[in-house]
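The lines below spell out each chain.
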Amino acid sequence: MAKEKWLINLNEMDEFQRQILDLSIDDSYLIKGCAGSGKTILALRRAHNIKVQSIAEKKPVSFTLLVYTKALRSFIKSGVIELDLDLNQVVHHAVWDESAVDYIVVDEVQDFDQEKIDTIKNAAIKSLMLYGDSQQQIYDDRMTTQEIVEYLSIPQRELLLNYRLPKSIASFASHVVNDIELVKKCVKPGNEKPKIIQFASWQQELDFIMKEIRTRNLTDCAILLPYNTKIKAMKVVPRNVYRNVETVKEYFDSKGFDHEYKMRDDDHDNWDLDFDSELPKVMTCHSAKGLQFEAVFIPFCDYPFHGPWFINYFQKPLYVGLTRSYRHLYITHTNGITPFLNGIPRALYD
Amino acid sequence: MPFTIKDYYMNFYYYPLTSKDFTFENIFSSESVSPPCVYQLRTFGTDFFNTIPKFHHLEAIILYAEPPKYDLPSGGAGDHIKFILKIPENVLNPDEIVFISEKMIGYQKTIYLNRTNFELLFFSQKEITICTLKSEATLSTKSYKKYSNNFKIIDEKECQLFDTTVLESLQLNNEWKGVIDFDKKFNFFKGFCYGLLCGLLRSLSKKETELKRSLQDITNSFAEFKNKSANDPKKKYDRSFLIKGKSSKEIDIARKVFSAIDDTQRLFKDNLPGPEFQSSDIEKFLEQKLLNSGFSGDVIKLFIEFKKMEDVILGTDNFAKYKSQYLQSDHKNPILYFEFLREQVKAFAAQLNSTTDWAKASRDKASDSFKKIMSDLSKVADSQAAKPGTQDSVQLEKFDYSIDRNELIIQAPIEGLTAAAFGEYVSIVDIILKNGKLGKGDAPKEDILSLVDLVASLLNPNKSGKVSHLYQYISGALTEYDPSKVQSTAMRNFIAFVFNPDSIERMESYITTKEIPEKWMAYSFWSAFNGFANLSRIFVAPYFETNDSKITDPIDEYFSRFHKKGLLTRIEEIKDLPAIEEAKVENLEVTRKTKIENFYNEFVEGKFKLSAAQFEQIVSFDDPEKMIAELKTRHRIAKKEGVKLIERFRDIVKSPSLFQ
């Protein structure tokens, strides 16, 4: 089990993050943070501080850490245990009993509707700490973070920088959707450029992936595809028979390569990836939104451009996939690299 | 107790501090305190330090002859705590003291702290609790438990008023280069030392490693089971493990979980024997609990019988609930955790094909309980780690350290290693000490490549390190690399380190999976590169989660030699020591030459018309194709034979085969 990833690394923190960490637990705030700003770790640390106060004052305090997605709850489970917090206090919004507690900490507040926000406000006896990012809103009819701040009359703090995505990967990814702002937000320089490697067949691409995972003993990695199933893939383009989670899963099974996979894009209740396991995760780029991995493999990047509709099917998900890695990024192809990656300056990858 | 009665006539100095900006954590991550401006200049550890207006000065540690009365700046957010560092005057180098006013001095060097030379004075026990507990969630802050006797409570009335206006106009100059240079070198050297000590302990902790590896196998197999069943609910995963004799993918995946649990339980039982679970244990547990609550024995017996009857009549399993309670109670027998673990897997599996809210909640609850038990078992495995001993500092005495040259000086080899292997190891450490990681964030790839280049060049002076396969692989010129062909233990550990320079946990996982021996080498490489200030509290816990002075004091005493005022004297002393380090480089050359000679004697002499010198010249080429061509053209050895010979040579004489 990875313990160190849940502890605050002060040596890496900047002034903005330290200021957030230092806020009093008795004051309410909304912390607006872009993707990769460390909101989740800060939310956990806040919960830990509440627990410390309770011990120091020798009186029990109640709190709830409310999350919007099951994925997030699953992701932070081991962190909750490592910090010796009670898993029962980390609640998915759908099963929250709305009982009043001293402190409420909310992650991804931008996805809650106004009614829920009212309930949250009423349930917090001493303070609220809300973390969110309007840019990552899933639903259009929700309040923006600014609107929430005004509605609840609480102060706001901002984390404007991305501490997770290395500049070396951001520079590369920003060419895919022409997002110049992305690199400016990134703090981490990154010690590795993305790799683009060609193979003779799609099977060889997957063989390479398995070998690389074994050579480097990569225990936190994902293989990201454009489609879930063969049927879905072929509906769009008949030649996409292998560009999907189902095919990769079958190939890995045939090679006895242990892995986990996710074949649905939504936060379906049957969905369950275990982030404490060392097994590589196979999923679609879309499913990987909000997650991060030490190593990301994006195989089969040789699909040609078919038309403007291709942007939503490939370009945007590809961008999401590229920005999931905080260290190694491997792009493999067989028949010539996809046009989305063709124009990227040679100096930006190996 | 840090200060004893013989210190009664000692003068003490006081440095007012605040918990703002994680000052407490900062002090205990590097075991030191420096003038505030040093933090931004030093390029390792934290680059910030909170200054209290009117009481601090950027360019010196302002020390007061009495505990000063001070307030924290108002208007800032956060619940900040005051505390005061108290140090005896003999910690200070008199030559470095700057007189400011009566009862106020400045000190422009880093003060290195250990158990015997400071106290932290807080204004209430509650504040001690808050500071210490908060620090537990910070990665690089070493455990305060080593210093639990150093925290004291002071009354505000003991504090004195000071006129600090002189600080506003105080101009201090210092050539910081010397201070920074020393602090930097010492940080990496101290990192090496703790890497070596903690690494040696971990090398001894084979039990702990095995237990943890097997726990990870359970996590992996349960993850696979949950994942496969979640994605393919039509398959009968729920009862798969109950079907005897049949085999299918679903059943195999389910059984894998229980098999992993069984294997781990056996391992735990071998190492931590305890009584097996029996159902009568639940009754005894209930009995005790109810007796403690004031119920009589007779009534309790009736209650237990009633519950059993209820289960029979209603078809319930109330005792299952009590079993969970019992297994979670304070019984101290880790073997029972496995019983509970199996329960959670079954509880999860039982709800697989249902989509009701209740079923989902049950699955989540089982999954949560599973994780909690795994965490508890992991702590049990931690407890099996080798414990530090009072003689551990003896390992450090095998090395001396030249601050001047930033190199180790071997005093004695580590047991179990040949002189050649040890020399190879120390040479690598020296390279790393001279090229430690600077700045924040992950180690730049260029720095890692530079290390590989330097190590390769040292071990193979005839070739540039840049042509080595490891260099080419890390730089991206090669897409494949096979570390299993590397024979040398030091090199295998070096590879483990360069593959994982930013996470000691990932390196640990790599070492365990690849079964690399003498893993203390990799830990010491990692720690020398990252430095003491960046070492995680988890890694160095054996030496910091104890306040046994017999363990901690000899180590601190060893370090204090390097930062006491007699530093120059130390360098002079070092010059008198025999030049053992020359043997290091020599040994490496000997190693390679010896291997080539041995190979020649065994596989070439008498079989091919080739002298030893000619053979040595052939194998000095980098390219195997060229070697084979030379064997054919110059020495008339058929290509087929040449290929066989060179392949065998490369297989056997791999060192330094990161450079194959």
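As the structure is a computational prediction, the values presented were derived from the model and not from experiment.

Engineer: Can you explain the overall build of chain A? Please cite residues and give values.
Structural biologist: Of regular secondary structure, chain A possesses 12 helices and 12 strands. Scaling as 2.2 N^0.38, a compact globule of 350 residues should have a C-alpha radius of gyration of about 20 Å, and chain A matches this with 21 Å. Overall size of chain A, expressed as C-alpha extent along the three principal axes, is 65 × 40 × 40 Å. For chain A, with 350 residues in total, the buried portion stands at 62%. In chain A, the proportion of contacts linking residues at least 24 apart, taken out of those at least 6 apart, comes to 71%. If you average the places of the 43 positive and of the 49 negative side-chain charges in chain A, the two averages end up 4 Å apart.

Engineer: Can you explain the pairing of strand β10 (residues 399–402) of chain B? Please cite residues and give values.
Structural biologist: Here β10 of chain B shows a buried face lined by Phe399 and Tyr401 of chain B and a second buried face lined by Asp400 and Ser402 of chain B. Linkage of β10 of chain B to strand β11 (residues 407–410) of chain B, two consecutive antiparallel strands, is achieved through a turn of 4 residues, within which Asn406 of chain B is found at a positive phi near 55°.

Engineer: Give a description of the nonpolar core that names residues and reports values.
Structural biologist: Formed by 74 residues in total, the largest nonpolar core has its most connected members in Phe189, Phe192, Tyr194, Phe399, Tyr425, Phe494 and Phe497 of chain B. With 12 residues, the single largest contributor to this core is helix α4 (residues 176–204) of chain B. Leu21, Ala43, Met129 and Leu322 of chain A belong to the second largest nonpolar core, which has 73 residues in total.

Engineer: Pulling in residues and values, what's your account of the packing of aromatic side chains?
Structural biologist: All names here are of chain B. Tallying each qualifying case throughout the model produces 65 aromatic pairs over all chains. Residues Phe599 and Phe615 carry aromatic rings whose centres are separated by 5.7 Å and whose planes lie at 10° to one another, so their mutual orientation is stacked. Here Phe599, found in helix α22 (residues 581–604), pairs with Phe615, found in helix α23 (residues 612–619); they are 16 residues apart in sequence, far enough to count as distant. For the pair shown, Phe599 and Phe615 are each scored as buried.

Engineer: How would you summarise the packing of helix α2 (residues 39–56) of chain A against helix α3 (residues 125–135) of chain B if you had to cite specific residues and measurements?
Structural biologist: Two elements in contact, α2 of chain A and α3 of chain B, have axes whose closest approach is 9 Å; the angle formed by their N-to-C orientations is 150°. One finds that α2 of chain A runs roughly antiparallel with respect to α3 of chain B. The crossing of α2 of chain A and α3 of chain B is right-handed. Every residue of α3 of chain B that contacts α2 of chain A at Arg45, His48, Asn49, Val52, Gln53, Ile55 and Ala56 of chain A is listed here: Lys126, Thr129, Ile130, Leu133 and Lys134 of chain B. When its residues are assigned to classes, the contact of α2 of chain A with α3 of chain B shows 5 nonpolar, 4 polar and 3 charged.

Engineer: I'd like a description of the sheet that holds strand β4 (residues 101–106) of chain A, backed by residues and values.
Structural biologist: Residues and elements named next belong to chain A. On the basis of which strands lie adjacent, the open sheet formed by 6 strands has the order β3-β2-β4-β5-β1-β6 and parallel pairing. Of all the strands in the sheet, just β3 (90–92) and β6 (156–159) have a single pairing partner and so form its edges. Averaged over all neighbouring strand pairs, the angle between strand axes comes to 20°, with direction disregarded. The strands that α2 touches are β1 (29–33), β2 (63–67), β4, β5 (124–132) and β6; relative to β5, the one it contacts most, it runs at about 160°.

Engineer: Could you give an account of the sheet that holds strand β7 (residues 195–198) of chain A, naming the residues involved and the relevant values?
Structural biologist: All names here are of chain A. What the 6 strands build is an open sheet, ordered β7-β12-β11-β8-β10-β9; its pairing is parallel. Taken across any chain shown, the strands that pair with only one partner, and hence form the sheet edges, are β7 and β9 (260–261). Helix-sheet contacts for helix α6 (residues 167–177) involve β7 and β12 (325–333), and the interaxial angle to β12 is about 45°. Here helix α8 (residues 202–216) sits on the sheet in contact with β7, β8 (221–225), β11 (293–298) and β12, set at roughly 150° to β12.

Engineer: Mind laying out the side chain of Ser536 of chain B, listing which residues take part and the relevant values?
Structural biologist: Relative to the helices and strands, Ser536 of chain B is located in the loop between α18 (520–530) and α19 (541–544). Judged by relative accessible area, Ser536 of chain B falls into the buried class, the value being 5%. When sequence neighbours within four positions are dropped, the list of residues in contact with Ser536 of chain B reads Glu4 of chain A together with Leu139 and Ser140 of chain B.

Engineer: Describe the side chain of Ser168 of chain A, with residues and values.
Structural biologist: Residues and elements named next belong to chain A. When you line up the elements, Ser168 lands in helix α6. When its relative accessible area of 13% is taken as the criterion, Ser168 is described as buried. Excluding anything up to four places from it in sequence, Ser168 contacts Pro189, Gly190, Glu192, Lys193, Pro194 and Leu348.

Engineer: With reference to specific residues and values, describe the interface of chain B and chain A.
Structural biologist: Each side of the interface is counted separately: chain B has 75 residues, and chain A has 66 residues. Carbon and sulfur atoms supply 48% of the area buried between chain B and chain A, which totals about 6,600 Å² over both sides. A per-residue breakdown of the area chain B buries against chain A is headed by Phe22, Lys371 and Arg506 of chain B, which together make up 10% of the total. At the surface where chain B touches chain A, the tally comes to 15 salt bridges. Measuring nitrogen to oxygen at the nearest pair gives 3.5 Å for the salt bridge that ties Arg327 of chain A to Asp502 of chain B. Where chain B meets chain A, there are 38 residue pairs in polar contact (both at pLDDT 80 or more). At 12 residues, the largest contribution of residues to the side of chain B that touches chain A is made by helix α5 (residues 206–231) of chain B. Taken together, the residues of the side of chain B that touches chain A break down into 22 nonpolar, 24 polar and 29 charged.

Engineer: Could you give an account of the pattern of salt bridges, with specific residues and numbers?
Structural biologist: A full pass over the atoms with the stated rule returns 57 salt bridges over all chains. Salt-bridge contacts for Asp553 of chain B lead to Arg115 of chain B; the nearest nitrogen and oxygen are separated by 2.8 Å. One end of the pair, Asp553 of chain B, is in helix α20 (residues 549–563); the other, Arg115 of chain B, is in the loop between β7 (111–112) and β8 (119–122), and 438 residues separate them in sequence. The partly exposed category is assigned to Asp553 of chain B, whose relative accessible area is 23%. The exposure class assigned to Arg115 of chain B is buried, which follows from its relative accessible area of 9%. Salt bridges sharing partners connect three or more residues here, namely Lys188, Glu294 and Arg327 of chain A together with Asp442, Asp502 and Arg506 of chain B.

Reading the values: the criteria
Throughout, a residue's number is its position along its own chain's written sequence, starting from 1. Chain letters start at A and ligand numbers start at 1, both assigned in the order the entries are written. This being a predicted model, a pLDDT of at least 70 is required before a residue's local features are given, and a value of 80 or more before pairs of side-chain atoms are given or counted; all residues contribute to the totals for chains, interfaces and linings. The side-chain figures draw on all heavy atoms in the structure; neither hydrogens nor water molecules are used. A helix here means a DSSP run of H or I that spans at least four residues, while a strand means a run of E at least two residues long, and both kinds are numbered starting from the N terminus. In this description the radius of gyration comes from C-alpha coordinates, and the expected globular size is given by 2.2 Å times residues to the power 0.38. Remark: exposure states derive from per-residue accessible area (1.4 Å probe, protein chains only) relative to the maximum for the residue type, with buried under 20%, exposed over 50%, and partly exposed in between. Here, residues are in contact when the closest pair of their heavy atoms is within 4.5 Å. In this charge count, Lys and Arg are treated as positive and Asp and Glu as negative; neither His nor the chain ends contribute. By convention, the charge on Lys lies at NZ, on Arg at CZ, on Asp at CG and on Glu at CD. Only strands joined by at least two bridges in the DSSP assignment are considered to pair. Among buried residues, the Ala, Val, Leu, Ile, Met, Phe, Trp, Tyr and Cys ones that are joined through side-chain atoms within 4.5 Å form a nonpolar core. A pair of Phe, Tyr and Trp rings is counted when the ring centres sit within 6.5 Å of each other, with Trp represented by its six-membered ring. The angle between the planes then sorts it: under 30 degrees is stacked, over 60 is edge-to-face, the rest tilted. Fitted lines through C-alpha atoms give the axes, limited to the stretch in contact for helices. The angle between two N-to-C directions lies from 0 to 180 degrees. We call two directions roughly parallel when the angle between them is under 35 degrees, roughly antiparallel when it is over 145, roughly perpendicular when it lies between 65 and 115, and oblique otherwise. Less than a right angle of anticlockwise turn of the near helix away from the far helix marks a crossing as left-handed, whereas a clockwise turn marks it as right-handed. Each residue gets one of three labels, nonpolar for Ala, Val, Leu, Ile, Met, Phe, Trp, Tyr, Cys and Pro, charged for Asp, Glu, Lys and Arg, and polar for the others, Gly among them. We define buried area as the total accessible area lost by two parts upon association, computed with a 1.4 Å probe and summed across both. Salt bridges are identified by distance alone: a Lys or Arg side-chain nitrogen within 4 Å of an Asp or Glu carboxyl oxygen. As used in this structure description, the phrase polar contact means that two N or O atoms lie within 3.5 Å; if the pair is within protein, one of them must be able to donate a hydrogen and the other to accept it, and residues adjacent in sequence are counted only when both atoms belong to side chains.

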